[in-house]
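Architecture at a glance
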Amino acid sequence: MTGLERRLGVPDAVLIGLGSMLGAGVFVVFGPAAAAAGGAGLLPALVLAGFIAFCNATSSARLAARYPESGGTYVYGRERLGPFAGFVAGWGFVVGKTASCATMALTIGAYLWPGQARLVAVAAVLAVTAVNLRGIGKTAAVTKALVALVLAVLALVAVTGVVGGPVELARLAGPGGPGRGVLTAAGLLFFAFAGYARIATLGEEVRDPERTIPRAVPLALGVVLATYLVLAVVALGVLGADRLAGSVAPLADVVTAAGLPGLAWVVRAGATVAVTGVLLSLLAGVGRTLLAMARRRDVPGALAAVHARYRVPHRAELAVAAVVIVVVLLGDVRQAIGFSSCTVLVYYAITNAAALTLGRDRGRKLPVQALAVLGLAGCLLLAANLPLTSVVAGFGVLAIGAAWYALRRSLSAR
């Protein structure tokens, strides 16, 4: 069997999108973003990252409705721009997100048992893979529970900060402002949004995709953007720009500064739950992209198998899990966030370029072509303004993939 089963409706799709975004990023990213942008630059950077994510989400939703199958931009790039563009998108996504999976797993280990972080990380990968192998319905059910817990923790942080902070609005207009620092911060904050189009990657398992995907993707993104804005205002208003910039756990520091240090462990537990939710949906998304690449022989065709009972790409998911476990055991990928952000931004640049070939949509009020142009330019702009090491690593990985593609095509021609 090669086809997946359509089980996900709009609520399930929104929850998977929320589970993909409300992860480690929101618990840690405000610190380095505030350091890059300065106090007054944090909120503009967040709005900019959210707007570019909205442009990308619009393009992803249009393409997913047209091509409702697993693979996301790998498929869209192949169909609209040619096989090479699709391969670059798929390669960048699989490599970058596999490193992200290992990072997420190690983060879980660092929170739960710092002395045995790698062992816990391996156990987390195995547990999450076991859930995913039981079918997309199980993935959605577990994600629903995790999202509920994470939203409760984030609400606790916001209420605690407002009531006990207090939130000093004057701190929102502190030092900082327009400049490259805002662009760098926006690039870092974009990582906290990555995942809004995960449902497009799972498009082959969505019911009525032409209706479901265009509704679910922007809805999930809107909820997350509103949540991030509230938390950014609270964190900046309670801690101030300097303290926020130096914080490694800003939301935990908010409840501590509000006079309730005993709640910090709740925030840390919430971060662990959030990371687990991201790992759950991320492994599923990488597995589906690998499935799509295997169907077209860009990776070994054996990975295209679909389980007869659970209707999941079990070989692809097991292969991804195995690679993640090897990386967890042998390497330290905590520095991989930068190049992962770079490859993801290139991935969505290809998404927007593919969407531009669709033309205008009849009956839609949104200027979708203009949004695709802005999304394409925005992705390239943010990628170029990431730290230099991240840009070099990201484009280096893409270059390796391009060389492999050219070599394979050359050997096939012979």
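Our structure's up above, just so we're on the same page.
First things first, this report covers the structure right here in the doc.

1. A word on the overall build of the chain
- Looking only at helices and strands, one finds 17 helices and 0 strands in the chain.
- On C-alpha atoms alone, the chain measures out to a radius of gyration of 20 Å, which is about the 22 Å that the 2.2 N^0.38 rule sets for 414 residues.
- Each principal axis of the C-alpha distribution contributes one length, and for the chain these read about 65 × 45 × 40 Å.
- For the chain, buried positions account for 58% of its 414 residues.
- Nonlocal contacts in the chain, meaning residues at least 24 apart in sequence, comprise 83% of its contacts between residues at least 6 apart.
- Accessible surface, the chain as shown: approximately 15700 Å² in total, 67% of it carbon and sulfur.

2. So, helix H16 (residues 368-384)
- Over its 17 residues, H16 runs 24 Å from end to end, which matches the ideal 24 Å to within 8%, given 1.5 Å per residue.
- Those residues of H16 not exposed but buried are Val 368, Leu 371, Ala 372, Gly 375, Gly 378, Cys 379, Leu 382 and Ala 383. Within H16, the buried residues cover an arc of 135° as seen down the axis, which keeps them to one side.

3. Let's talk about unusual backbone geometry
- Even without being a glycine, Arg 297 presents a positive backbone phi close to 65°.
- Here Arg 297 shows up in the loop between helix H13 (264-295) and helix H14 (314-330).
- Of note in the backbone geometry, Arg 311 takes a positive phi value of approximately 55° without being a glycine.
- Note on placement: Arg 311 falls in the loop between H13 and H14.

4. Thoughts on the packing of aromatic side chains
- The full count for this structure, using the stated rule, is 8 aromatic pairs.
- The rings of Phe 84, Phe 87, Trp 91 and Tyr 405 are connected pair by pair, giving a single aromatic cluster.

5. Looking at the pattern of salt bridges
- If you walk through the whole model with that rule in mind, you get 3 salt bridges.
- Among the ionic pairs, Arg 408 bridges to Asp 298, the shortest N-O distance being 2.5 Å. In this pair, Arg 408 sits in helix H17 (residues 388-413) while Asp 298 sits in the loop between H13 and H14, placing the two residues 110 residues apart along the sequence. The exposure classification of Arg 408 matches that of Asp 298, with both residues buried.
- In the salt-bridge network here, residues are joined through shared partners; they are Arg 78, Asp 298 and Arg 408.

6. Here we look at the side chain of Thr 184
- Within the fold, Thr 184 resides in helix H9 (residues 180-193).
- Contact partners of Thr 184, with chain neighbours within four places excluded, come to Ala 36, Asn 385 and Pro 387.

7. Overview of the nonpolar core
- Phe 27 and Leu 279 are the most contacted members of the largest nonpolar core, which totals 136 residues.
- Top contributing element to this core by residue count: H13, with 17 residues.
- Residues within four places of Phe 27 in sequence aside, it is in contact with Val 150, Val 153, Leu 154, Val 248, Ala 249, Pro 250, Leu 251, Val 267, Gly 270, Ala 271 and Ala 274.

8. Observations concerning the environment of Leu 290
- Within the element layout of this structure, Leu 290 appears in helix H13.
- In this structure the C-alpha to C-alpha distance between Leu 290 and Gly 90, which are 200 residues apart in sequence, comes to 7.8 Å.
- Sequence-distant contacts of Leu 290, defined by excluding residues within four places in its chain, comprise Val 94, Val 299, Leu 303, Ala 316, Ala 319 and Val 320.

9. Regarding a nonpolar patch on the surface
- A contiguous nonpolar surface patch, about 350 Å² in accessible area, is contributed by Leu 112, Trp 113 and Leu 119.
- With respect to the helices and strands, Leu 112 occurs in helix H6 (residues 83-112).

10. Remarks on the environment of Leu 282
- By secondary structure assignment, the location of Leu 282 is in helix H13.
- For the pair Leu 282 and Ser 20, spaced 262 residues apart in sequence, the C-alpha to C-alpha distance is 6.9 Å.

11. Thoughts on the packing of helix H7 (residues 117-133) against H13
- It is at 9 Å that the axes of H7 and H13 come closest, and there the two elements cross at 55°. Overall, the two elements H7 and H13 adopt an arrangement that is oblique. The crossing of H7 and H13 is right-handed. In this structure, H7 uses Ala 124, Val 125, Val 128, Thr 129, Val 131 and Asn 132 to contact H13, whose residues at the interface are Thr 276, Leu 279, Leu 280, Leu 283 and Ala 284.
- The residue makeup of the contact of H7 with H13, split by class, is 8 nonpolar, 3 polar and no charged.

12. Some details on the environment of Thr 143
- Within the secondary structure, Thr 143 is located in helix H8 (residues 136-164).
- Classification of Thr 143 by relative accessible area gives buried; the value is 1%.
- Separated by 43 residues in sequence, Thr 143 and Ala 186 have C-alpha atoms that sit 27 Å apart.
- If sequence neighbours within four positions are ignored, Thr 143 has contacts with Leu 15, Ile 16, Gly 19 and Leu 280.

13. Quick word on helix H5 (residues 73-81)
- Three or more residues of H5 are buried, namely Thr 73, Tyr 74, Val 75, Tyr 76 and Gly 77.
- Gly 82 occupies a position one or two residues after H5 and carries a positive phi of about 120°.

14. Thoughts on the state of the cysteines
- One pass over the structure, following the stated rule, counts 0 disulfides.
- Here Cys 101 stays unpaired: no disulfide links it, and the sulfur of Cys 342, its closest cysteine neighbor, is 18 Å away.
- The structure places no disulfide on Cys 379, whose sulfur is separated from the nearest cysteine sulfur, that of Cys 55, by 8.5 Å.

Cut-offs used in this document
Residues numbered from 1 in each chain as written. Predicted model: local features only at pLDDT ≥ 70, side-chain atom pairs only at ≥ 80, totals over all residues. Heavy atoms only, no water. Helix = DSSP H or I, 4+ residues; strand = E, 2+ residues; numbered from the N terminus. Rg over C-alpha atoms; globule rule 2.2 N^0.38 Å. Buried < 20%, exposed > 50% of the residue type's maximum accessible area, 1.4 Å probe, protein only. Contact = heavy atoms within 4.5 Å. Areas by Shrake-Rupley, 256 points an atom, 1.4 Å probe, with all protein chains shown as cover. Expected span 1.5 Å × (residues − 1). Arc of directions from axis to C-beta. Phe/Tyr/Trp six-rings, centres within 6.5 Å; stacked < 30°, edge-to-face > 60°. Salt bridge = Lys/Arg side-chain N within 4 Å of Asp/Glu carboxyl O. Core = buried A, V, L, I, M, F, W, Y, C linked by side-chain atoms within 4.5 Å. Patch = residues over 30% accessible without salt bridge, like charges linked within 9 Å, V, L, I, M, F, W, Y side chains within 5 Å. Axes fitted to C-alpha atoms, helices over the stretch in contact; angles between N-to-C directions. Parallel < 35°, antiparallel > 145°, perpendicular 65-115°, else oblique. Left-handed = near helix turned anticlockwise from the far one by under 90°. Nonpolar A, V, L, I, M, F, W, Y, C, P; charged D, E, K, R; others polar. Disulfide = S-S within 2.5 Å.

Scope: geometric values only; no functional claims are made or implied.
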